[in-house]
Amino acid sequence: MRLPDPALVVLVGASGSGKSTWAASRYRNAEIVSSDALREVVGSGEHDLDASTDAFALLEQVVAARLGRRLTTVVDTLGTDVARRRGWLAAARAAGLPAVVVVLDTPAGVCRSRNSARDRPVPARVLTSQLAAVASTVDLLEGEGWHVVRVAPDDVPDDVPDDVPDDVPDDVPAAADEDEATARATTSPAKGAGLRGVVLQLSHFPAEGDLLRWVRDMAAAAEEAGLAGIALMDHLVQIPQVGRAWDPIPEPWVTLGALAASTTRLQLGTLVTPVTFRAPGVTAKAAATLSALTGGRAFVGVGAGWWEREHTAYGLGFPSARERLDALERGIETMKALWAPGTKPYAGRLVSLPETTCYPRPVGELPIVVGGGGDRTLRIAARLGDGCNVPSDDAGLAKVARYLELVEEAGRDRATVHATVLDLPLVGRDRDDVWSRVERHRGRVAAATFAARHHAGTPSEHADRLAGLIRQGVTTAFVAPVGLEGPDDVLALAPLATAFG
């Protein structure tokens, strides 16, 4: 069962129905606002009914504060108070959050049995009243505007008391739905299917220690995790989106050569090499050599370049955007000409070469993935490249759709290209670890905003999310996880490896 996240989730059920156990098995303690727990905070214990007024006042304050910050909020009360429930719904809508009611469909007999086994059972007449109130509440929910989810008794562990969250089993990831299964089965594999899947992008490197050992250990972990490849950024100075200017960022083609000797299966390439850094013929030579050294496991990401500072710092020209895009077109045409069979002269649309002598030749396909989402960039990718790369957010996915349209307009088969996205996930072992990492890395950004920006979640949640991209035409996800530090972080990505089938 996958509920919206972040969201307001209100539980509806009588005592003994399993509300607290269900919530504790799926959410962090800090996300659950329980009237019983708050009675224990403001009174002598959770059964101190004299403290109810203060407990509910505090509950309302907590709910309002969390919803105001767009944080997932699970309200664990009986859920039968109409005025409170509608107030929470209005607050969720004001915050722009989905509002879900989870109804625990636990038989009355089971509720009574669980209740009687407690140290402090609810009086029988009170429980009967609760069961009747829950039954009448269910009829009102959809009319109030809630998204209603009903939980069967089998979804709530019966061997754990309702108010004891210890040793609760982990949530089981939902199976792929029928549409997703169909997409997996019917999507034709792209040409050069080795690039298809989840590729790890390394963008942040350690400032101390053995750099060669670190990159080799990361590559070994990527192979063990079943990832499809490794991509390296091509920058001369570390970019501000990743770190400080004085943080190390090794030259990618040299580093990829080192990885060629220590990997046996991974696709290796850049994401992306600016055409302003090197003459395209030199990049073609480097990529062809990498392909030969790896037995055909190379790819090239290319772009027009965007960061003027590093160009100026290294004495490189930084022409206008139009000139850089012109150079991108010429660069792709040059590389493909040099990789073609033979050594004959080449006279193309934008480029003329007296000879095309480039040995060793690439082994098999050497795909060129064009980075950038501007209209002209997408047109260049559709006409000349083998793929495009854009962000994985909604705007980026719209560009994927546009790219695939342009591919067809260019008379090409969309099944032969790579529609790729750059994904920046925050991955945690479980929900508690996820939010611990959000707090550690968010800086001054609001927690909910940071979590949404990086799709903060567990490996299984990320795997499900990435698998859903298949239906939008995506063939490959380059993932650059937030806070990636060592091989253990890479091994934790193993569930993502099969997201594309």
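Residues numbered from 1 in each chain as written. Predicted model: local features only at pLDDT ≥ 70, side-chain atom pairs only at ≥ 80, totals over all residues. Heavy atoms only, no water.

**Quick notes on the overall build of the protein chain**
Within the protein chain, the regular secondary structure consists of 18 helices and 16 strands. Each of the three principal axes of the protein chain carries a C-alpha extent, and together these read 95 × 50 × 40 Å. Here the protein chain holds 501 residues, and 50% of them are scored as buried. Summarising the internal contacts of the protein chain: among those between residues at least 6 apart in sequence, 73% fall at separations of at least 24. Of the roughly 22,600 Å² of accessible surface on the protein chain, a fraction of 53% belongs to carbon and sulfur atoms. (Helix = DSSP H or I, 4+ residues; strand = E, 2+ residues; numbered from the N terminus. Buried < 20%, exposed > 50% of the residue type's maximum accessible area, 1.4 Å probe, protein only. Contact = heavy atoms within 4.5 Å. Areas by Shrake-Rupley, 256 points an atom, 1.4 Å probe, with all protein chains shown as cover.)

**Let's talk about the side chain of Ser25**
When you line up the elements, Ser25 lands in the loop between α1 (19-24) and β2 (32-34). At 2.5 Å, the side chain of Ser25 and the side chain of Arg26 are in polar contact. (Polar contact = N/O pair within 3.5 Å; in protein donor to acceptor, adjacent residues only side chain to side chain.)

**Things to note about the environment of Val351**
Within the secondary structure layout, Val351 lies in the loop between β11 (346-347) and β12 (352-353). Separated by 84 residues in sequence, Val351 and Gln267 place their C-alpha atoms 29 Å apart. Each residue touching Val351, except ones within four places of it in the same chain, is listed here: Arg330, Glu333, Thr334 and Tyr346.

**A closer look at the nonpolar core**
The biggest cluster of nonpolar side chains holds 71 residues, and the ones touching the most others in it are Leu200, Leu202, Leu227, Ile230, Trp339, Tyr403 and Leu466. The residues contacting Leu466, other than those within four sequence positions of it, are Val198, Asp423, Ala477, Val479, Leu496, Ala499 and Phe500. (Core = buried A, V, L, I, M, F, W, Y, C linked by side-chain atoms within 4.5 Å.)

**Brief notes about the pairing of strand β15 (residues 418-423)**
β15 sits mainly inside the fold: five of its six residues count as buried. A crossover connection joins strand β14 (residues 387-391) to the parallel β15 through helix α14 (residues 394-409); in handedness this β-α-β unit is right-handed. Judged from the four bridges that link them, β15 and strand β16 (residues 476-479) form a sheet pairing that is parallel. Paired with Val421 across the two strands is Ala477, which belongs to β16. (Right-handed = clockwise from strand over helix to strand, strands pointing away. Pairing = 2+ DSSP bridges.)

**So, the packing of aromatic side chains**
Applying the stated rule across the entire model yields four aromatic pairs. Note on Trp22 and Tyr27: the rings are 6.3 Å apart at their centroids and 50° apart in plane angle, and the pair reads as tilted. Tyr27 carries the same exposure label as Trp22, and that label is buried. Ring centres 5.8 Å apart and planes at 55° place the aromatic pair Phe299 and Phe478 in the tilted group. (Phe/Tyr/Trp six-rings, centres within 6.5 Å; stacked < 30°, edge-to-face > 60°.)

**Structural notes on the pattern of salt bridges**
The final tally for this structure, using the stated rule, is 27 salt bridges. The partner of Glu329 in a salt bridge is Arg349, and the shortest N-O contact between them spans 3.5 Å. Of the two residues, Glu329 sits in helix α12 (residues 321-339) while Arg349 sits in the loop between β11 and β12, which places them 20 residues apart along the sequence. For the salt bridge of Glu329 with Arg383, the shortest nitrogen-to-oxygen distance reads 2.2 Å. With a gap of 54 residues between them, Glu329 in helix α12 and Arg383 in helix α13 (residues 375-383) connect regions that are remote in the sequence. Among the residues examined, Arg383 registers a relative accessible area of 35% and is labelled partly exposed. A network of salt bridges, in which partner residues are shared, links Asp326, Glu329, Arg349, Arg376 and Arg383. (Salt bridge = Lys/Arg side-chain N within 4 Å of Asp/Glu carboxyl O.)

**A few points about the sheet that holds strand β1 (residues 8-12)**
Strand order in this open sheet of five strands is β2-β3-β1-β4-β5, and the pairing throughout is parallel. Unpaired on one side and paired on the other, β2 and β5 (147-151) mark the two borders of the sheet. Across the sheet, the axes of successive neighbouring strands diverge by a mean angle of 20°, strand direction being ignored. Summarising the sheet, β1 and strand β3 (residues 73-76) pair through three bridges and their orientation is parallel. If you follow Val9 over to β3, its bridge partner there is Val74. (Axes fitted to C-alpha atoms, helices over the stretch in contact; angles between N-to-C directions.)

**Side note on unusual backbone geometry**
Of the consecutive residues Asp5 and Pro6, the connecting peptide bond is found in the cis state with omega at 10°. For Pro6, the position within the fold is in the segment before β1. Omega for the peptide link from Leu271 to Val272 comes to -10°, which places this bond in the cis form. Tracing the chain through its elements places Val272 in the loop between β8 (267-270) and β9 (273-274). Within the chain, Arg70 stands out as a residue other than glycine whose phi angle is a positive 60°.

**As for α12**
Along its 19 residues, α12 runs 27 Å from first to last C-alpha, staying within 8% of the 27 Å computed at 1.5 Å per residue. Taken together, the buried positions of α12 are occupied by Arg324, Leu325, Leu328, Glu329, Gly331, Ile332, Glu333, Thr334, Met335, Ala337, Leu338 and Trp339. Where α12 is buried, its residues touch α10 (280-294), β10 (298-303), β11, β12, β13 (368-371) and α13. (Expected span 1.5 Å × (residues − 1).)

**A word on the pairing of β8**
Regular strands place side chains that alternate from one sheet face to the opposite one. Of the two faces of β8, the one lined by Gln267 and Gly269 and the one lined by Leu268 and Thr270 are each fully buried. Here four bridges tie strand β7 (residues 229-232) to β8, and the two strands are oriented parallel to one another. Note that in β8 the partner of Ile230 across the bridge is Leu268. Remark: the β7/helix α9 (residues 252-260)/β8 crossover connection has right-handed handedness. Summarising the sheet, β8 and β10 pair through two bridges and their orientation is parallel. The residue bridging Gly269 from the neighbouring strand is Phe299, located in β10.

**Some details on the packing of α9 against α10**
Their axes nearest at 10 Å, the elements α9 and α10 cross at an angle of 10°. As the angle between them shows, α9 and α10 are arranged roughly parallel. Facing Trp253, Leu256, Gly257 and Ala260 of α9, the residues of α10 in contact are Thr283, Ala286, Ala287, Leu290, Leu293 and Thr294. Among the residues forming the contact of α9 with α10, the class breakdown is seven nonpolar, three polar and no charged. (Parallel < 35°, antiparallel > 145°, perpendicular 65-115°, else oblique. Nonpolar A, V, L, I, M, F, W, Y, C, P; charged D, E, K, R; others polar.)

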